[in-house]
Amino acid sequence: MAQLSESFLDELKSKTDIDDVISSYVSLKRRGSTSKGLCPFHNEKTPSFTVYHDTQSFYCFGCGAGGDAVTFIKRIENLDYLDAVKLLAQRAGMQMPQEGYDDSLSKKRRKIFEINRETAKFYYSYLVSPQGKTGLDYFLNRGLTMKTIKKFGLGFAPDGWDNLIKHLKSKGFSVADMVDAGVVKVSSKGRYYDFFRNRVMTPVIDVRGNVVAFGGRVLDDSKPKYVNTSDTLVYKKTNELFALNLAKDSDQNGLILCEGYMDVIAMHQAGFTNAVAGCGTALTNEQVRLISRYSNEVILAYDADEAGQKALKKAVELFKQTDIKIRIPSLVGGKDPDEIIKTYGRDKFKGMLEGASNEIEFSLLELRKKVNLNATQGIIDFLNEAVKILAKVSPIEQDLYISRLSNELSVEKASIKSQLDDYIKKHRKSQSYAKKKAVVTESIKQNYRISAENDMSIRQYKAEERIVGLLYKYPFCADYVKDFDIEKMKSPFTKKVFSLITERLNNNLEVDLINLSDRLTDGELGRMSGIIARFGESKNPKQEIIDCIKTVNNEYENSHKTSSENMSDDEFRKMFKAKDNT
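Computed from a prediction, not measured in an experiment: that's the story for all the values here.

A. Looking closely at the overall build of the chain. Counting its regular elements, the chain contains 25 helices and 17 strands. Dimensions of the chain along its principal axes, counting C-alpha atoms only, are 100 × 75 × 55 Å. For the chain, the proportion of its 582 residues judged to be buried stands at 47%. Put simply, the chain shows about 30,300 Å² of open surface, and 48% of that area lies on carbon and sulfur atoms. Charge separation in the chain, taken as the distance between the mean sites of 89 positive and 80 negative side-chain charges, equals 2 Å.

What follows is the structure, encoded as structure tokens:
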């Protein structure tokens, strides 16, 4: 692949500050030459995500994500390398070069966006045409207005095998690109057909306004009831939230998380413009992290049926791993928000949302269902578990809940407080020890895993990583590896990085992550960022890299020694002949 020019990347680097870029997505606290915050790539309550100003890199000690500003934008925005560079260039007021790089992947993404947009227009046009009356009646009978139907771009897929194919062909799109977009499928006999047929359609639009996927629902009882776009180059269902493109601009506080598209659409029509939903899948860690980018509070308005309550409990567990505040309403009078709004109206539903309990109240309510509070033993069992819940909140919240429980259960407040203090004291030390042990254990496991994968000793693994770290930090060290045989390295990763760095240094080019980010995978960039993050100053880089090279050479020689027990007679005689000649 032709690469972006050095001059362009150097200018982009000079105009891009990684701290400013990441601060748009993550709340960072500056600490000298670094900034820290909660990692946007995994759920955590204690910050392990660090931005390094001197190296313009980031690294998470919790999940291993790392890289430069380009890598960050790639991951956070779900973009390929060139689109991430374009976004940063636009941010810096720079124009992309007109040529000199391979943008075929970016062109493919743009083509899919164009197909999806044209497909959405086709479905909407069919819905409002005389032929689409059945689909339009379905939405109108669900209580939706034409204004809402247009706002969400709802549509209807014709009951035919190639209606969409013919339409998209007339617009100049190839069938192969339609397949890549997920709107057309190929049969076992090699025939192309429209994926969505005779279904009311809901387009999924990302936060940048691109149509990325579709959800289709049948109008009768046929199966499957719902069909959704599979993952494509522009869409991964675990990463998207339906209607976030609208909810992010809402003037209402927080987000309301629902289960289905129709719940969200009905809520928006009723004025709850901060409602969103998952995209045909149970809530995921990626969606929780996406929510955290736009709000620090979420109301979980899940369906009241068994499946909805099961999904609710899973969602609560996911949000517990973050600092997002959650509230849970008690939905009565209907199985879901859509039905409740239709039956009782907007104000009744609004009251349910306003009366939503927080995570602690929800946990205590769930606990109440498991015990008999009319019995002494039930009260004892309840309080024994309640203190474990209250241990997670602030002293002020603890005092309020203890007062409430004391009044409700006729138990002295001092007794509950004493039991809570004992629990906190007992578990604080064990939790601290467990956390430190987990970090050390994970580090050891990681070292052994990588060394085992490459059939190498920890000693060699450390030496190889130190070599690439020294070359990155102290470019003059390249003078001491000119005669080094790279084939003596066992790790494909260090071989690759060693080659990339020495190639640049031998051509008098600077070595920065931005210059490597199109040549390394996200995982490799994360590992390299980890090496940089853990890299301390070397008192004698020259001697250290010489020692590391010696270690790799020795480990190579030791691993290639031939045992005399496995030698043939000729090999044995040759070995002694060689010794006699020395």
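B. Structural view of the pairing of strand β9 (residues 199–205). Extensive coverage of β9 is indicated by the burial of 6 of its 7 residues. For strand β6 (residues 155–157) and β9, the ladder comprises 3 bridges, and the chain directions are antiparallel. Within the sheet, the bridge partner assigned to phenylalanine 156 lies in β9 and is valine 200. Two strands pair when backbone bridges link them, and β9 and strand β10 (residues 211–217) are joined in this way by 6 bridges, in the antiparallel orientation. Within β10, the residue paired with threonine 202 across the bridge is glycine 215.

C. Inspection of the packing of aromatic side chains at higher detail. Counted by the stated rule, this structure contains 20 aromatic pairs. Seen from their ring centres, phenylalanine 41 and phenylalanine 72 are 5.6 Å apart, and the 65° between their planes marks the pair as edge-to-face. Taken together, the residues phenylalanine 41 in the loop between β2 (34–37) and β3 (49–52) and phenylalanine 72 in helix α3 (residues 69–77) connect sequence positions 31 residues apart. Judged by its relative accessible area of 10%, phenylalanine 41 is buried. Phenylalanine 72 sits in the buried class, given a relative accessible area of 0%. Judged by centre distance (6.1 Å) and plane angle (55°), the rings of tyrosine 474 and phenylalanine 476 are tilted. We classify phenylalanine 476 as partly exposed; its relative accessible area is 41%. Among the aromatic residues, those joined into a cluster by ring pairs are Tyr25, Phe41, Phe49, Phe58 and Phe72. Here the basic side chain of lysine 185 rests over the ring of phenylalanine 195, its NZ or CZ set 4.9 Å away from the ring centre. One Lys or Arg, arginine 466, reaches over the ring of phenylalanine 535 and ends 3.8 Å from the middle of that ring.

D. Spatial organisation of the pairing of strand β13 (residues 255–258). Alternating positions in β13 separate into two faces, Leu255 and Leu257 on one and Ile256 and Cys258 on the other, with burial throughout. In this structure, β13 lies alongside strand β15 (residues 297–300), joined through 3 bridges in parallel fashion. Across the sheet, leucine 257 pairs through a bridge with leucine 300, a residue of β15. Both β13 and strand β14 (residues 275–278) contribute to a ladder of 3 bridges, which runs parallel. Across the sheet, the residue bridging to cysteine 258 is alanine 277, located in β14.

E. Fine view of the side chain of threonine 34. Mapped onto the fold, threonine 34 is located in strand β2. Classification of threonine 34 as buried rests on a relative accessible area of 17%. Discounting residues that sit within four places of it in the chain, threonine 34 has contacts with Lys29, Thr50, Val51, Tyr52 and His53.

F. Structural context of the environment of methionine 94. Residue placement: methionine 94 occurs in the loop between α4 (81–91) and α5 (104–127). Take methionine 94: its relative accessible area is 8%, and that puts it in the buried class. When the C-alpha positions of methionine 94 and tyrosine 556 are compared, they lie 48 Å apart, and in sequence the two are 462 residues distant. Leave out the neighbours within four places in its chain, and methionine 94 touches Phe8, Glu11, Leu12, Lys15 and Ala89.

G. Structural context of the pattern of salt bridges. A complete count under the given rule lists 41 salt bridges for this structure. Notably, a salt bridge pairs aspartate 206 with arginine 208, separated by 3.7 Å at the nearest N-O pair. Relative accessible area serves as the criterion here: at 38%, arginine 208 is assigned to the partly exposed category. Two residues, glutamate 317 and lysine 320, come together in a salt bridge whose shortest N-O distance is 3.2 Å. Of this pair, glutamate 317 and lysine 320 both sit in helix α13 (residues 306–320), 3 residues apart, roughly one helical turn. The network of salt bridges with shared partners includes Asp10, Lys13, Glu510 and Asp512.

H. Fine view of the sheet that holds β13. Here 6 strands make up an open sheet; going across it, the order is β12-β14-β13-β15-β16-β17 and the pairing mixed. If you trace the sheet from one side to the other, it starts and ends with β12 (241–242) and β17 (357–358), each paired once. Contacting β12, β13 and β14, helix α11 (residues 261–269) crosses the sheet at an angle of about 175° to β14. The sheet strands contacting α13 are β13, β15 and β16 (325–328), and the helix crosses β15 at an angle near 165°.

I. Helix α17 (residues 376–390), seen in detail. With 15 residues, α17 extends 21 Å between its outermost C-alpha atoms, agreeing within 8% with the 21 Å of an ideal straight helix rising 1.5 Å per residue. Every buried residue of α17 is accounted for by Gly378, Ile379, Phe382, Leu383, Ala386, Val387, Ile389 and Leu390. Around the axis of α17, the buried residues are gathered within 160° of arc, so they sit on the same side.

J. Main features of the sheet that holds β2. One open sheet holds the 5 strands; their spatial order is β1-β2-β3-β4-β5, and the pairing between them is antiparallel. Since the sheet does not close on itself, it has two edges, and those belong to β1 (29–31) and β5 (66–67), each with one partner. Pairing geometry for strand β4 (residues 57–60) and β5, over 2 bridges, is antiparallel. By the bridge assignment for β5, tyrosine 59 is matched with glycine 66. Helix α23 (residues 522–534) rests against β3, β4 and β5 of the sheet, and its axis sits at about 95° to β4.

K. Just the environment of lysine 237, in detail. Inspection of the secondary structure puts lysine 237 in the loop between β11 (226–228) and β12. When the C-alpha positions of lysine 237 and cysteine 279 are compared, they lie 5.7 Å apart, and in sequence the two are 42 residues distant. Setting aside residues up to four positions removed in sequence, lysine 237 forms contacts with Asp231, Cys279, Thr281 and Gln287.

How each quantity is defined
- Residues numbered from 1 in each chain as written.
- Predicted model: local features only at pLDDT ≥ 70, side-chain atom pairs only at ≥ 80, totals over all residues.
- Heavy atoms only, no water.
- Helix = DSSP H or I, 4+ residues; strand = E, 2+ residues; numbered from the N terminus.
- Buried < 20%, exposed > 50% of the residue type's maximum accessible area, 1.4 Å probe, protein only.
- Areas by Shrake-Rupley, 256 points an atom, 1.4 Å probe, with all protein chains shown as cover.
- Lys, Arg positive; Asp, Glu negative; His and termini not counted.
- Charge placed at Lys NZ, Arg CZ, Asp CG, Glu CD.
- Pairing = 2+ DSSP bridges.
- Phe/Tyr/Trp six-rings, centres within 6.5 Å; stacked < 30°, edge-to-face > 60°.
- Lys NZ or Arg CZ within 6 Å of the ring centre and 35° of its normal.
- Contact = heavy atoms within 4.5 Å.
- Salt bridge = Lys/Arg side-chain N within 4 Å of Asp/Glu carboxyl O.
- Axes fitted to C-alpha atoms, helices over the stretch in contact; angles between N-to-C directions.
- Expected span 1.5 Å × (residues − 1).
- Arc of directions from axis to C-beta.

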